[in-house]
Amino acid sequence: MNEIDRLIEGYWRWLRDKTITKTTGAWTEITTPYLDRHNDYIQIYARKNDDKFLITDGGETILDLEQSGCSLEKSPKRQAILRTILNGFGVHENDGELQITATSDNFSLRKHNFVQALLSVQDMFMLATPTVESIFLEDIAEWLDEQDIRYTPNVKFAGKTGFDHQFDFVIPKSRKAPERILRAINNPNRGSAQNLIMGWLDTRESRHAAGHTDSVLFAFLNDDTKAVSGNVVDAFENYGITPIKWSDRDEFRERLAA
């Protein structure tokens, strides 16, 4: 077993060990080891309906956004972003609750996708900040276009575990540079760094198996409203991920345009 295999195996063992369940009546509360933007563990709820399972957040994710000033009701742009995120993970909204259905065979995969969707939706909190004049993803796409950097947006890769991981842009391989995968992080912190690192370890293994042995990942970090912690930068670099602070983006133009 190589180092990557050991890291991935250790990660999924850690997920199993740190996940706590509590059943009350027909519902089972699942406390995951993933952290929300308040540094609390994300909790979701599951109930069996006939031969399927319903997984829900109990309406907590969207309610938290609304209470934090990120109103969705009066913003078609934010509603469109929400729909794009949910569709990408197979999640739907029902009266403010985010939900997904699963079977016994795909429960782990659907639960994983659901938690990743919740994390992505929570990242929309950054849109509530008045000083943010445009969406971070749009800023990155506009900058890539201005620099004449070719890319494919919104790409999903299956990891070695079989779980899907979504990335924001992919710059194809050229004669001068390998395949470059880009991920935007609106709110760089311990939780978002941890999630991306583990997702990348899983994805990198599958990309290597598909023949993309030199694929590299760049993480765009939004430092418009607050400085990025040195611990976050160090964590990415320790796992071979190149962090790009938004304020330093021009320094990486040649590496991305090659």
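On a predicted model such as this, the values are computed, not experimentally measured, just so you know.

Counting secondary structure elements, the protein contains 8 helices and 11 strands. Every one of the 258 residues in the protein was classed for burial, and the buried ones make up 47%. Here the analysis covers contacts within the protein between residues at least 6 apart in sequence; of these, 58% occur between residues at least 24 apart. If you sum the accessible surface of the protein, you get close to 13400 Å²; carbon and sulfur atoms cover 46% of it.

It is worth spelling out unusual backbone geometry at this point. In the Ramachandran plot, Asp95 falls in the positive-phi region, its phi being about 55° despite a non-glycine side chain. Judged by its relative accessible area of 80%, Asp95 is exposed. Positioned with a positive phi, Asp148 is a non-glycine residue whose angle comes to about 60°. Counting through the fold element by element, Asp148 comes out in the loop between helix H5 (136-146) and strand S7 (152-158).

Before going further, it helps to examine the packing of helix H6 (residues 190-209) against helix H7 (residues 230-238). Between H6 and H7, the least distance of the axes is 10 Å, while the angle of their chain directions is 5°. With respect to each other, H6 and H7 are oriented roughly parallel. Packed against H6, whose contacting residues are Arg190, Ala193, Leu196 and Ile197, the element H7 presents Val232, Ala235 and Phe236 at the interface. A class-by-class count of the residues in the contact of H6 with H7 yields 6 nonpolar, no polar and 1 charged.

Given 3.6 residues to a turn, an α-helix orients residues that are three or four positions apart in the same direction. Val232, Val233 and Phe236 are the residues of H7 that are buried. Down the axis, H7 shows its buried residues gathered within 100° of arc, on one side only. Opposite the packed face of H7, turned more than 90 degrees from it, sit the exposed residues Asn231 and Asn238. On its buried side, H7 packs onto strand S9 (180-185), H6, strand S10 (216-221) and strand S11 (242-245).

The end-to-end C-alpha distance of H6 is 29 Å, a good match for the 28 Å that 20 residues give at a rise of 1.5 Å each. Of all 20 residues in H6, 16 are buried; the element is thus mostly enclosed. Of the residues one or two after H6, Gly211 is the one with positive phi, at around 100°.

On average, residues of the protein carry a pLDDT of 84, and 88% of them reach 70 or more. At the level of individual helices and strands, the protein shows its lowest average pLDDT in helix H1 (residues 3-18), which scores 63, and its highest in S11, which scores 96. Overall, residues 130-134 carries pLDDT values under 50, and its contacts beyond four positions in sequence, including any with other chains, amount to 4 contacts.

Attention now goes to the sheet that holds strand S5 (residues 92-94). Spatially, S1-S2-S3-S4-S6-S5 is the arrangement adopted by the 6 strands of the open sheet, whose pairing is antiparallel. Looking at the sheet topology across the chains shown, the edges are occupied by strand S1 (20-24) and S5. Going from strand to strand, the sheet's axes swing by 30° on average, the running direction of each strand aside.

Moving on, we come to the pattern of salt bridges. The final tally for this structure, using the stated rule, is 1 salt bridge. The shortest N-O distance in the salt bridge between Glu179 and Arg207 comes to 2.7 Å. Taken together, the positions of Glu179 in the loop between strand S8 (164-171) and S9 and Arg207 in helix H6 put the pair 28 residues apart, joining distant regions of the chain. Neither residue differs from the other here; Glu179 and Arg207 are each classed as buried.

With that settled, consider the side chain of Gln122. As for its placement among the helices and strands, Gln122 is situated in helix H4 (residues 107-122). Residue Gln122 is classed as buried on the basis of its relative accessible area, which comes to 13%. Setting aside residues up to four positions removed in sequence, Gln122 forms contacts with Asp36, Arg37, Ile42, Thr61 and Leu65.

Reading the values: rules and limits
Residues numbered from 1 in each chain as written. Predicted model: local features only at pLDDT ≥ 70, side-chain atom pairs only at ≥ 80, totals over all residues. Heavy atoms only, no water. Helix = DSSP H or I, 4+ residues; strand = E, 2+ residues; numbered from the N terminus. Buried < 20%, exposed > 50% of the residue type's maximum accessible area, 1.4 Å probe, protein only. Contact = heavy atoms within 4.5 Å. Areas by Shrake-Rupley, 256 points an atom, 1.4 Å probe, with all protein chains shown as cover. Axes fitted to C-alpha atoms, helices over the stretch in contact; angles between N-to-C directions. Parallel < 35°, antiparallel > 145°, perpendicular 65-115°, else oblique. Nonpolar A, V, L, I, M, F, W, Y, C, P; charged D, E, K, R; others polar. Arc of directions from axis to C-beta. Expected span 1.5 Å × (residues − 1). pLDDT = per-residue confidence, 0-100. Pairing = 2+ DSSP bridges. Salt bridge = Lys/Arg side-chain N within 4 Å of Asp/Glu carboxyl O.

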